[in-house]
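Residue-level structural notes
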Amino acid sequence: MKMKKRWMAALTAAVLSLSFLTGCGSDAGSSDASDGDSGTTVLKMGHVYAEDYPMHIAMQEMSDYIYENTDGRYQIDLYANSTLGGESDLIEGVNIGTVDMCFTASTPLANTVPAISYLDLPFLIQDYDHADAVFFDTESPIRTSIMSDIDAAGFKTLTLMENGFRQLFTNKDVQTIEDLKGMKIRVMENALHLELWEALGASPTTMSASEALTGLQQGTIDAMEVFNTAAVANGYAEMVSHYVETNHIYTCGVLLMSSRVWNSLSAEDQAVFEEAALLAMDSNNQGLREADEAEREFIINDLVDTHTVLDQDQLREMVQSVYDAHPEYDDMVEQIQALAG
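This text gives an overview of the structure that appears in the document. These numbers were taken from a predicted model, which means no experiment stands behind them. (Residues numbered from 1 in each chain as written. Predicted model: local features only at pLDDT ≥ 70, side-chain atom pairs only at ≥ 80, totals over all residues. Heavy atoms only, no water.)

Now for the packing of aromatic side chains. As enumerated under the stated definition, the model contains nine aromatic pairs in all. With 6.0 Å between their ring centres and 50° between their planes, Phe135 and Phe136 make a pair best called tilted. Of the two residues examined, Phe135 and Phe136, each falls in the buried class. Among the aromatic side chains, those forming a connected cluster through ring pairs are Tyr128, Phe135, Phe136, Phe165 and Tyr250. When the ring centre of Trp262 is taken as reference, the NZ or CZ atom of Lys156 above it lies at 4.4 Å. The positively charged end of Arg166 is found above the aromatic ring belonging to Phe227, 4.8 Å away from the centroid. (Phe/Tyr/Trp six-rings, centres within 6.5 Å; stacked < 30°, edge-to-face > 60°. Buried < 20%, exposed > 50% of the residue type's maximum accessible area, 1.4 Å probe, protein only. Lys NZ or Arg CZ within 6 Å of the ring centre and 35° of its normal.)

Here we take up the packing of helix H5 (residues 128-136) against helix H11 (residues 267-303). Relative placement of two packed helices is described by the angle separating their axes and the distance separating the axes. The contact between H5 and H11 brings their axes to 13 Å, and the two run at 160°. By the angle between their directions, the pair H5 and H11 is classed as roughly antiparallel. In this structure, the crossing between H5 and H11 has a hand that is right-handed. Contact with H5, carried on its side by Tyr128, Ala131, Asp132 and Phe136, involves Met281, Asn285, Arg289 and Asp292 of H11 and no other residues of that element. For the contact of H5 with H11, the per-class residue count stands at four nonpolar, one polar and three charged. (Axes fitted to C-alpha atoms, helices over the stretch in contact; angles between N-to-C directions. Helix = DSSP H or I, 4+ residues; strand = E, 2+ residues; numbered from the N terminus. Parallel < 35°, antiparallel > 145°, perpendicular 65-115°, else oblique. Left-handed = near helix turned anticlockwise from the far one by under 90°. Contact = heavy atoms within 4.5 Å. Nonpolar A, V, L, I, M, F, W, Y, C, P; charged D, E, K, R; others polar.)

Take a look at the structure:
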């Protein structure tokens, strides 16, 4: 079984490398010019996920809805697999107008919009019902605040969407929280992510996702934390022996549009884009939650040697120091916690 997993991981790494090289040679410029004599304006939208990922499928549904309901005035061409760049590249592209639309996690977006940094506090979101109340209820004041803060930074936020709960994938057996001490964990480039794992006694290090795959294979890192769906799709789960359910951070996704493009739309077409975005949100969230559970079962039953669920109350108690270090987030934390069931 292990030999098969190692071979599959090596193949995944090769595919990822080819995808990266292909992406580097692509034209990331905006293409909102009309398509010949058809009168159709073609918009480029980029993301970092595969074409069979629930988010991409939802974006395709959104694209079809927009094309049909604007009578063909607008067509969205989707660029998957980081073809137009990583999330930071896409965010910058939308901000300066070289990319028309993108989907990104809120974590890298917080580097451009510091006002939403609190979203990466550990154990801030309790469960899916809580996430729905905070991010996806269109009457939620938190949702309104997040979208307003993003728009104030020069974007048009069409909607928030799910990315999911992050889990720990490791080559060191973890049965208790004590086993996290000294563990070398790859994390995203985010101060709160680093503080979280430091509070739990681990040794977090930042690196790109592609480097993490190599790091797991070569043993330069012990573990990485990521969503179940991404762990399977990108080969991380095949490179480890142990799966630890932590639900330590819920990551929200954001569908961004160039404010220049948004302002060029008629009020009628703006309404269509917003309707399509909400339909995509529902499709993505449902599909992603189903996929996450299916991949969880696959990870536990077919890929890893051990599966551990760590005590959530104890974890929250240990990371209280992260909250104590950031009193500037207290007001938003209180509002978010008030929406928990």
